[in-house]
Amino acid sequence: MSAPESGSFQLSDYIMHHVANSNEWRLPFNMHVSLPEYVSLHGLMTLLGAAILIILFTVFYKHNSRVPTGLTNVLELGVLFVRDQIVYPFLGEKDGRKFLPVFCTFFFFILTLNIMGNIPLFATATANINFTAGLAIITFFLMTLGGLFKHGPVGFLKLFAPSGVPVPVLFILAPIEFIGLFTKPIALMIRLFVAMLAGHIVIAAFLGLILTFGIFALPIIILPVAISGLEVGVAFLQAYIFTFLSALYLGQILHPEH
Amino acid sequence: MTSSQKPKGLKDLEALNFGYTSGVAFFLCTGAGYWADQKWGTGFRYTLIGVFVGIGVIVFELWKIIQNLNDPKHKNK
């Protein structure tokens, strides 16, 4: 929150500082933590998110309780949601059981990091394209390796040749289907990155108006507050959409007949 | 979960990613064509081919989504 009153203040720099990655963690009361070169702010948030999840599912999750209560109940609700609404409908019970841990990790990890981005003190790691690219690469390898193991190399290649299509048309359709193998994970990557980045830029832009125009723009504070509420919904929605589309794409590879 | 227990309208959500998928497909194909033109100095020939392939991918993806949404089995779910 450096010196809006100084002559060198640039609104664009101020906005980008709140969404871009850096090696500095800004804390309340103007305190800074300089991070070492090998870990950036978003990297640190990723590690923190992973630590939070590990603690939640090892310490607070009561494995032995017959009737889940409290936090165990909430966590089980999330796991059952991913299982019954996302994984089993697309992968079936047999394959779904194998892949359920991956999709639960996707859902809870993205959700945790998205929510952390809405809490002051933390940053949004999911608004970093490198992070979303990492998740999309996992989906890509799930699709390719899952397809190769399930159908074998020849069967996997046959997936790109839709059945009942004349051979001359196949020469056009097969490359188009093959391009789809790459476009789907890339679209996943961009969707999550853009959705999380855009919300923060809009909030920062509205707050920037107050910094620029001073007390006259104060009523506009309602808008960032409203958008922050919307961002909480977006955090859940984007975690759901990423997990859902990953399961859908994997399901299309594993069960092309459906 | 049996197929009869599948949440209704789940397949409709497949259309969710069409915008992003088509944008990425067009960008990838056109970008590959542009790169080829720059590498071999062939004017705009490959860029143009990339544009048409990109449009082809978009039309094919759209066709698949429409076929899927019009599938009678899907409607009865």
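Residues numbered from 1 in each chain as written. Chains lettered and ligands numbered in written order. Predicted model: local features only at pLDDT ≥ 70, side-chain atom pairs only at ≥ 80, totals over all residues. Heavy atoms only, no water.

## Some points on the interface of chain A and chain B
And then number 1: Listed by partner, the interface residues are 26 residues for chain A and 20 residues for chain B.
And then number 2: Summing the contributions of chain A and of chain B, the shared interface buries around 2,100 Å²; its carbon and sulfur component is 69%.
And then number 3: Of all residues in chain A, P89, I176 and R191 of chain A give up the largest surface area on contact with chain B, accounting jointly for 24% of the area buried on that side.
And then number 4: Residue K64 of chain B is joined to E177 of chain A by a salt bridge in which the shortest nitrogen-to-oxygen separation is 3.4 Å.
And then number 5: Taken together, chain A and chain B are joined by one residue pair in polar contact (both at pLDDT 80 or more).
And then number 6: Only α3 (70-117), α5 (167-213) and α6 (222-254) of chain A provide two or more residues apiece to the side of chain A that touches chain B.
And then number 7: When grouped by side-chain class, the residues that make up the side of chain A that touches chain B number 17 nonpolar, four polar and five charged. (Contact = heavy atoms within 4.5 Å. Buried area = accessible area lost by both parts, 1.4 Å probe. Salt bridge = Lys/Arg side-chain N within 4 Å of Asp/Glu carboxyl O. Polar contact = N/O pair within 3.5 Å; in protein donor to acceptor, adjacent residues only side chain to side chain. Helix = DSSP H or I, 4+ residues; strand = E, 2+ residues; numbered from the N terminus. Nonpolar A, V, L, I, M, F, W, Y, C, P; charged D, E, K, R; others polar.)

## Focus: the packing of helix α4 (residues 129-158) of chain A against α5 of chain A
Residue and element names in this part refer to chain A.
And then number 1: With their axes 8 Å apart at the nearest point, α4 and α5 run at an angle of 155 degrees to one another. Our classification of the angle between α4 and α5 gives roughly antiparallel. Like other packed secondary-structure pairs, α4 and α5 cross with a definite hand, here right-handed. Counted together, I129, T132, A133, L135, A136, T139, F140, M143, T144 and F156 of α4 and L181, F182, P185, L188, M189, L192 and F193 of α5 form the full contact between these two elements.
And then number 2: Of the residues that constitute the contact of α4 with α5, the class distribution is 14 nonpolar, three polar and no charged. (Axes fitted to C-alpha atoms, helices over the stretch in contact; angles between N-to-C directions. Parallel < 35°, antiparallel > 145°, perpendicular 65-115°, else oblique. Left-handed = near helix turned anticlockwise from the far one by under 90°.)

## Digging into helix α1 (residues 18-40) of chain B
Residue and element names in this part refer to chain B.
And then number 1: For α1, built from 23 residues, the straight-helix expectation of 33 Å at 1.5 Å per residue is met to within 8% by its first-to-last C-alpha distance of 33 Å.
And then number 2: When α1 is considered as a whole, its buried residues turn out to be T21, S22, V24, A25, C29, T30, G33, A36 and D37.
And then number 3: One or two steps after α1, the chain reaches G41, where phi turns positive at roughly 60 degrees. (Expected span 1.5 Å × (residues − 1). Buried < 20%, exposed > 50% of the residue type's maximum accessible area, 1.4 Å probe, protein only.)

## Brief notes about the pairing of strand β1 (residues 24-27) of chain A
Residues and elements named next belong to chain A.
And then number 1: Of the strand pairs in this sheet, β1 and strand β2 (residues 31-34) are connected by four bridges, and their pairing is antiparallel. Note that in β2 the partner of W25 across the bridge is V33.
And then number 2: Connecting β1 to the antiparallel partner β2 that follows it, the hairpin turn spans three residues, and F29 within it adopts a positive phi of roughly 60 degrees. (Pairing = 2+ DSSP bridges.)

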